[in-house]
Amino acid sequence: MKIALMTNNYKPIVAGVPISIERLARGLEELGHEVTVFAPTYKEQQDMENVFRYSTCLNHFIGGIVLPNPFDARIEREFKEHSYDIIHVHHPMLIGRMAVHLSRKYHIPLVFTYHTRYEQYVRSYTKGIVRMNRFMPLYLRSFMRHCNFVFAPTEGMQKYLTDTCRIRPEKTGILPTGIEKENFDIEPEEGRRIRRQYGAENMPFLLTVSRMANEKNVRFLLDSLARVKELYGKPFRMLMVGDGPDREGLEKHSRELGLEDTVIFAGTVRNEEIAPYFKAADAFLFASKTETQGIVVLEAFAGAAPVIAVRASGVEDLVDDGINGILTEEDTQEYAQAVAEYLAETDNCTVNKDIACEDRKSRAAEGDTACKEAGIAEGDTACKEAGIAEGNTMCEETHMAVGNTVCEETQSHMDMNAVWKIEGRKSADGVLEHGIYRKLPYAEMAENAFQKGTLYREEAVALKAVHYYNSVIAENVTQKKRNIRLLPAG
């Protein structure tokens, strides 16, 4: 299959969409498909195989990205000279309009991935002056009428497309960003190396990876960390990885908050070098509310780092509160309290203080599932889906044997982001008696995070994309046959 992936931004820019496209392209190529990425030109770009660079209008646009020129005549010439089986566009504007034109002119099926909550970005960059909450869904609906199929990275974003943008549910599907298999295989020593590098050998080590820009809500993290410092009362290290237009202002704000001995701004780390940072972290902090998925959340899971995040669309689909991370409202006191309590939990279980905890955090990479380690048969679906580790099964907590019906039925409560400690038994109407909500211990959260991450391996996502592509192409051929009309003889 010959596939065109079309984007308004790509490497060397380090951001979610370029990473998602790069991984999809690599996964498709490994499956034997021919992929061309159509991306704008950058001054600092390097030559890349199978990347078609079209021209750029402005080298410095909003948020440090370029303003591409999707009307570059060379794009259409490429489509005229080569036959593509499908176009997969990743933006509804600029290159998105060109993709619609090419799809119509050359009769190529068009699919689109909805990556970005544009209305939230605009509100952030204009400090709330410009709002597009009504316009954007109307524009997206108009654009997606021209698409044969639309991908959303999470279930929550799919719901936004169907409910708010009013896209037919049967025209949508979920295609997350894949996580590189190497991310799951980082040795513990690599994590220890990062901790030594930033002086966090004997203290909790927190991490965020983000563009240093207003829409990522990094200032909220800094304000919360100032409160964490008061509540926790002990040294800890927070590493801010990433660059962006607001980095200088954020560093100044950090100093004003008295965090210069706690927070380190590390700048950009190349994507191929970032995995050990997640392995090193005791937790990954995330406050962005503009994500459709949050690739870094999955990367944190691959490194067995629980995620403490602000409750928002996209993130809620990945972080199971109390199971593989913690979710709070966008309130500095609430968020700081959650982080401080988590740090107190890690006091007895940091990578450098407790070898047993380190083993638990990394042992899932050995290939055995948590259920196997707990002595649970492979056929026990409930325990496998929950990704529950040894020492953390509800079966053990209730002193019930594996397979007990009451234990299995409590799985539904796991799905509601709660872990129930059963101190009695079910009442006649099936309600759990004496149930109390609690969050899991650090090591168990870490193991559950890893198990969740394995569901998003790069190769699995590429296979899913091919399945969708084939369905779209087949439907397109069928539709063409329906449109054939027999002319009268003579």
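Look up: the structure comes first, before these words.
**With respect to helix 1 (residues 16-30)**
In a regular helix each residue adds 1.5 Å, so 15 residues correspond to 21 Å; helix 1 covers 21 Å between its end C-alpha atoms and thus fits that length. Of all 15 residues making up helix 1, 11 are buried, and the element is well covered by its neighbours. Of the residues making up helix 1, those classed as buried are Val17, Pro18, Ile19, Ser20, Ile21, Glu22, Arg23, Leu24, Ala25, Gly27 and Leu28. Phi turns positive, to about 95°, at Gly32, one or two residues after helix 1.

**Things to note about the packing of aromatic side chains**
Applying the stated rule across the entire model yields 18 aromatic pairs. Note on Tyr114 and Tyr160: the rings are 5.6 Å apart at their centroids and 15° apart in plane angle, and the pair reads as stacked. Of this pair, Tyr114 sits in the loop between strand 7 (110-113) and helix 4 (118-125) while Tyr160 sits in helix 6 (residues 155-163), placing them 46 residues apart in sequence. Considering the side-chain rings of Tyr342 and Tyr442, the 5.8 Å spacing of their centres and the 80° angle between planes classify their relative orientation as edge-to-face. Of this pair, Tyr342 sits in helix 12 (residues 332-346) while Tyr442 sits in helix 19 (residues 442-453), placing them 100 residues apart in sequence. By relative accessible area, Tyr442 is classed as buried at 1%. Among the aromatic side chains, those forming a connected cluster through ring pairs are Phe38, Phe52, Phe79 and Tyr84. Lying over the aromatic face of Tyr84, Lys2 brings its terminal NZ or CZ to 4.7 Å of the ring centre.

**Some remarks on the sheet that holds strand 3 (residues 51-54)**
With respect to topology, 7 strands assemble into an open sheet ordered 3-2-1-6-7-8-9, the strand pairing being parallel. This sheet does not close on itself; its edge strands, each paired only once, are strand 3 and strand 9 (172-174). Taking the axes of each pair of neighbouring strands and ignoring which way they run, one obtains an average angle of 25° across the sheet. The sheet contact formed by strand 1 (residues 2-6) and strand 6 (residues 86-89) spans 4 bridges and is parallel. Note on strand 6: the bridge partner recorded for Ile3 is Ile86. Against the sheet, helix 2 (residues 73-81) engages strand 1, strand 2 (34-40), strand 3 and strand 6, with an angle of about 145° to strand 3.

**Brief notes about the side chain of Lys2**
Tracing the sequence through the fold places Lys2 in strand 1. At 2.7 Å, the side chain of Lys2 forms a polar contact with the side chain of Glu34. Beyond its immediate chain neighbours, meaning those up to four positions away, Lys2 contacts Glu34, Thr36, His82, Ser83, Tyr84, Asp85 and Ile86.

The rules behind each value
- Residues numbered from 1 in each chain as written.
- Predicted model: local features only at pLDDT ≥ 70, side-chain atom pairs only at ≥ 80, totals over all residues.
- Heavy atoms only, no water.
- Helix = DSSP H or I, 4+ residues; strand = E, 2+ residues; numbered from the N terminus.
- Expected span 1.5 Å × (residues − 1).
- Buried < 20%, exposed > 50% of the residue type's maximum accessible area, 1.4 Å probe, protein only.
- Phe/Tyr/Trp six-rings, centres within 6.5 Å; stacked < 30°, edge-to-face > 60°.
- Lys NZ or Arg CZ within 6 Å of the ring centre and 35° of its normal.
- Pairing = 2+ DSSP bridges.
- Axes fitted to C-alpha atoms, helices over the stretch in contact; angles between N-to-C directions.
- Contact = heavy atoms within 4.5 Å.
- Polar contact = N/O pair within 3.5 Å; in protein donor to acceptor, adjacent residues only side chain to side chain.

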